[in-house]
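Reading the structure
One-letter residues, chain by chain:
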Amino acid sequence: MTAVSMDALFAQLQAMHDGLQNGDLDTVQGLLDQHDRDVRDFMQAAQGRDTGTDALSNLLYAQLQLQDRLRDARDAAARKLRESQQAERAARAYLSTPGA
């Protein structure tokens, strides 16, 4: 298997950012898992070993930023779900009260 190029790795990150914009968190997580494997393969390949530390550092920093955005998006989705569930419980409690 041939390791992907540095440009392809950055393109993967951009595609994941686009997925986050669309709210497709599960797909982004899957892409991120594959991206992580691709980065590891790249770094073990000759091309990766020959790549400067600045370029690798920039790639890994961009990956960490994406992971942070994904975590924040998941946290926001979980918060909305909890709020929705709480509102639903409150509505059911109100409707089950005599005289409501």
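The notes below deal with the structure included here. (Residues numbered from 1 in each chain as written. Predicted model: local features only at pLDDT ≥ 70, side-chain atom pairs only at ≥ 80, totals over all residues. Heavy atoms only, no water.)

**Comments concerning helix 2 (residues 25-44)**
Helix length check: helix 2, at 20 residues, gives a terminal C-alpha distance of 29 Å against a target of 28 Å (1.5 Å per residue), a fit within 8%. Along helix 2, the positions that sit buried rather than exposed are Leu 25, Val 28, Leu 32, His 35, Asp 38, Val 39 and Phe 42. Along helix 2, the residues classed as buried sweep out an arc of 130° about the axis, all on the same side. Facing away from the buried side of helix 2 by over 90 degrees, the exposed positions are Asp 26, Arg 40 and Gln 44. (Helix = DSSP H or I, 4+ residues; strand = E, 2+ residues; numbered from the N terminus. Expected span 1.5 Å × (residues − 1). Buried < 20%, exposed > 50% of the residue type's maximum accessible area, 1.4 Å probe, protein only. Arc of directions from axis to C-beta.)

**Here we look at the packing of helix 1 (residues 6-21) against helix 2**
It is at 9 Å that the axes of helix 1 and helix 2 come closest, and there the two elements cross at 165°. Overall, the two elements helix 1 and helix 2 adopt an arrangement that is roughly antiparallel. Viewed along their axes, helix 1 and helix 2 form a crossing whose handedness is left-handed. Contacts between helix 1 and helix 2 involve Met 6, Leu 9, Gln 12, Leu 13, Met 16, Gly 19 and Leu 20 from the former and Leu 25, Val 28, Leu 31, Leu 32, His 35, Asp 38, Val 39 and Phe 42 from the latter. For the contact of helix 1 with helix 2, the per-class residue count stands at eleven nonpolar, three polar and one charged. (Axes fitted to C-alpha atoms, helices over the stretch in contact; angles between N-to-C directions. Parallel < 35°, antiparallel > 145°, perpendicular 65-115°, else oblique. Left-handed = near helix turned anticlockwise from the far one by under 90°. Contact = heavy atoms within 4.5 Å. Nonpolar A, V, L, I, M, F, W, Y, C, P; charged D, E, K, R; others polar.)

**So, the packing of helix 1 against helix 4 (residues 53-95)**
Their axes nearest at 11 Å, the elements helix 1 and helix 4 cross at an angle of 15°. As judged from the angle between their axes, helix 1 and helix 4 are roughly parallel. Along this stretch, helix 1 crosses helix 4, giving a crossing that reads as left-handed. Across the interface between the two elements, Met 6, Leu 9, Phe 10, Leu 13, Met 16, His 17, Leu 20 and Gln 21 from helix 1 touch Ala 55, Leu 56, Asn 58, Leu 59, Ala 62, Gln 63, Leu 66, Arg 69, Leu 70 and Ala 73 from helix 4.

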